[in-house]
Amino acid sequence: MTKGNAFVLGATGQVGRAAVRALVADGWEVTAASRGGVRDERWPGEVRSVRLDRTEEGALAAGLGEGCDVLVDIVAYDAGHGGQLTGLSDRIGSAVVVSSGAVYEDEKGRSFDTQDQPDGFPAYPVPVAEDWPTVAPGDTSYSTRKVALERELLAAGDALPTTLLRAGAVHGPYCPGPRELWFVKRALDGRPVRLLSYGGASRFHPVHVDNLAELVRLAASNPASRVLNGADPEAPTVAEIGAAIDGVMGAASETVLIEGPPPEGIVGLTPWTSPHPVVYDMTAAERELGYRPVVSYAGSLPETVEWLTGHLAGREWREAFPGLAKYGVDFFDYAAEDAWLAARR
C-alpha cells in the first residue's frame, strides 16, 4: 500500500534527485517533472518521469492532471511561482517547497543582500531560528523573491498546507555551483598552499542533499503550514572543510591564515568567506517532524569529491560549473596569491 502520489518539480536538480529517491523509498508513487524530462540512473523503475516547463501556459496544470497528494517544489523562486501553486490548490493535497536561509536579516537590517556595502555583512545570532526577521518581500534579489514566495504560500493556509524549507549552503553531487571545488581543484592542481581570510573561521552552514531530502520526506507525511530551517548536523569552519577535503584526496597543503578580510582582491576569499558565522537552528525540525540527519558533512565528502573530480575532468572549471562562474570571481587566481605571499615573506 502506497502513501499516495507525489509530484516533484525540479526533479533532476541536485536536491530533486535525492528527494525523488527518498520519497520512493518511503512508499510514495512519484512523478518526477523537469524541463528535460530525463531520469536519474539511481531512480527505481517505477518513477514516472515527465517533461514539464512551468513557464509554459497551462503546463503545470496539465502535468498534474487530476492532482496529487503532495507536491514538492524544488525550484520555486518568487511570488509568481507561489501563486501558480495556490491557483492549483484544489488539485494539491499539500506542498513542500524549498526556500533559502538567505532570507534572514540581522538587528541592523543587514542581510546577504547588503554584503557589498560598507559594514554590510550580517551578524546573525548563532544559531538562527525560524522566528528571526527576514528581508522584505519583493522582486529585487534572490532573498526578497524567496520571501515573497513564502508569504504567498503561507497566506493560503489550510487551502494549501505548505512546509517551507529554508535551506543552508546546499552541497553534494550534481551541484552547479559547488563551494567544495575551491579546495578540490587546488588539490588536483597540486597547489601547495591555501590562503584563508578571517583566520579560516568563516562558517556558512551547509546542508547535504540527502539531509534536505529527508526533511522533504518527513514533511510530505506530516502536512502543515510551517517554516523550517534545513541544515547539516554541524557547521564546520572553512579551515575544517579544507582539512577534511585534503584528507579525502590525500593532499598535503599548507594553510595560511589571514587575520581579517581578504587583503587584496581574491586573496583569502572563498565561497564560504564571511566575518560572522551563519549557523541555522534545527530544533524546530527535530521537534515538529522528528528529523534526524542521515549524513554528516565529513561523511558525505568522498561521494562529493568523486563526483566533482569526474565532472571537472578535461574541462575548464567555468565550463564545468557555470553556477560558480556566474559570480564573476576567479577563485583560482594563483598568481595573485603568489604575489601577495611573496610580498609578505
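Residues numbered from 1 in each chain as written. Predicted model: local features only at pLDDT ≥ 70, side-chain atom pairs only at ≥ 80, totals over all residues. Heavy atoms only, no water.

Quick question: what am I supposed to make of unusual backbone geometry here?
Peptide bonds are, in most cases, trans, and in most cases residues other than glycine have a negative phi. Cis peptide bonds are those with omega within 30 degrees of zero, and the linkage from Val-126 to Pro-127 qualifies with 0°. Note on placement: Pro-127 falls in the loop between β5 (92-100) and α4 (142-154). Residue Tyr-198 is not a glycine yet carries a positive backbone phi of 50°. Structurally, Tyr-198 can be placed in the loop between β8 (193-196) and β9 (206-208). (Helix = DSSP H or I, 4+ residues; strand = E, 2+ residues; numbered from the N terminus.)

Please explain the nonpolar core as it appears in this structure.
Membership of the largest hydrophobic core comes to 72 residues, with the highest contact counts inside it found for Val-20 and Leu-23. When residues of this core are assigned to their parent elements, the largest contribution, 8 residues, is made by helix α6 (residues 209-221). Listed in part, the 20 residues of the second largest apolar core include Leu-9, Leu-88, Ala-95 and Val-227. (Core = buried A, V, L, I, M, F, W, Y, C linked by side-chain atoms within 4.5 Å. Buried < 20%, exposed > 50% of the residue type's maximum accessible area, 1.4 Å probe, protein only.)

What am I meant to see in the environment of Asp-158 here?
Here Asp-158 lies in the loop between α4 and β6 (162-167). Given the relative accessible area of 77%, Asp-158 is considered exposed. In this structure, the C-alpha to C-alpha distance between Asp-158 and Ala-224, residues 66 residues apart in sequence, is 8.0 Å.

Help me understand the sheet that holds β5 in this model?
By definition, the strands of a sheet pair up through backbone hydrogen bonds, in either a parallel or an antiparallel sense. Pairing in this open sheet of 7 strands is parallel, and the strands run β3-β2-β1-β4-β5-β6-β10 from one edge to the other. Only two strands of the sheet have a single neighbouring strand rather than two, namely β3 (48-51) and β10 (226-230). Averaged over all neighbouring strand pairs, the angle between strand axes comes to 20°, with direction disregarded. Strand direction decides the pairing type here: strand β1 (residues 4-9) and strand β4 (residues 68-73), joined by 4 bridges, are parallel. For Val-8, the partnering residue across the bridge sits in β4 and is Val-72. (Pairing = 2+ DSSP bridges. Axes fitted to C-alpha atoms, helices over the stretch in contact; angles between N-to-C directions.)

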